[in-house]
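# Descriptive analysis of the structure
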Amino acid sequence: SKPQDVMAMNVYLWPTGFELEAYKKIFTDSNMWRAYANSILYTASSTILILITSVLGAYPLSVPELRGRKFVVAFVLLPMYFGGGLVPYYMVLKGIHMLNTFWVFIFPLMMSVYNMILVRSYVESMPESLFEAAKIDGATDLTVFFRLVLPLAKPILMTIGLFVAVNQWNS
């Protein structure tokens, strides 16, 4: 619509007239392209880091033989349910000099307990016989993780990746 019609509040459902000036302005503005590049960089890097930390935190907690597993799960669940609040969160970010930096969008959200629980539940739903067969064949924990768990966890990782990417893009 024409800017005059928009400012006069004459545009409701259908545009009035045909105007491409706004699109021309957007495509010629270098700040817009820099903003898109920043958004893509934030989204891609944080999605990758959140997926890595989620799967690396979830796999050990899915192993029943891990000592102190219940304590660690309770330790990470408690802050998920009871947050400290917005003002203390801001004070912490200010105290570690993270305000107005690239990393303020990535590091504080890098460890998502909710995503870790999703991945842990998915890994726990895998048949125990797969892990036993791999151990009998001489696989170490790292081999089981990289050659068994990661390939089988692609669906949950793609789902979480989509959730995180959309959330990071929106923020």
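See above for the structure.
Anyway, here's the lowdown on the structure attached to this text. Small disclaimer: the values here were computed from a predicted structure and weren't measured.

Thresholds, definitions, all that
Residue positions within a chain follow its written sequence, with the count starting from 1. Owing to the predicted nature of the model, reporting of local features is limited to residues with pLDDT of at least 70; listing and counting of side-chain atom pairs is limited to 80 or more, with chain, interface and lining totals taken over all residues. With hydrogens and water excluded, all non-hydrogen atoms of the structure serve as input to the side-chain values. Put simply, DSSP marks the helices as runs of H or I at least four residues long and the strands as runs of E at least two long, and each gets a number from the N terminus on. The globule rule is 2.2 Å times the number of residues to the power 0.38, and the radius of gyration it is compared with is taken over C-alpha atoms. The buried label goes to any residue with under 20% of its type's maximum accessible area, the exposed label to any with over 50%, and the partly exposed label to all in between, with areas taken from a 1.4 Å probe on protein chains only. Whether two residues touch is decided by their heavy atoms; if any such pair falls within 4.5 Å, the residues are in contact. Accessible surface area values rest on a Shrake-Rupley calculation with a 1.4 Å probe, where residue burial reflects the displayed protein chains alone.

## Considering the overall build of the protein
In terms of helices and strands, the protein carries nine helices and zero strands. In the protein, the order of α-helices and β-strands from amino to carboxyl end is α-α-α-α-α-α-α-α-α. Compactness check: the protein gives a C-alpha radius of gyration of 23 Å against a globular reference of 16 Å for 171 residues, more than 25% above the reference. Taking the principal axes of its C-alpha atoms as reference, the protein extends roughly 75 × 35 × 30 Å. Per-residue burial for the protein yields a buried fraction of 25% across its 171 residues. For the protein, contacts bridging at least 24 residues in sequence account for 67% of all contacts bridging at least 6. Accessible area for the protein stands at about 12500 Å²; split by element, carbon and sulfur atoms hold 69% of it.

## Some points on unusual backbone geometry
The backbone of M9 shows a phi angle near 60°, a positive value even though the residue is not glycine. Residue position: M9 is located in the loop between α1 (3-7) and α2 (21-28). Taking the relative accessible area as the measure of exposure, M9 reaches 61% and is therefore exposed. Even without being glycine, N100 reaches a positive phi, approximately 60°. Here N100 is to be found in the loop between α5 (86-95) and α6 (113-124).

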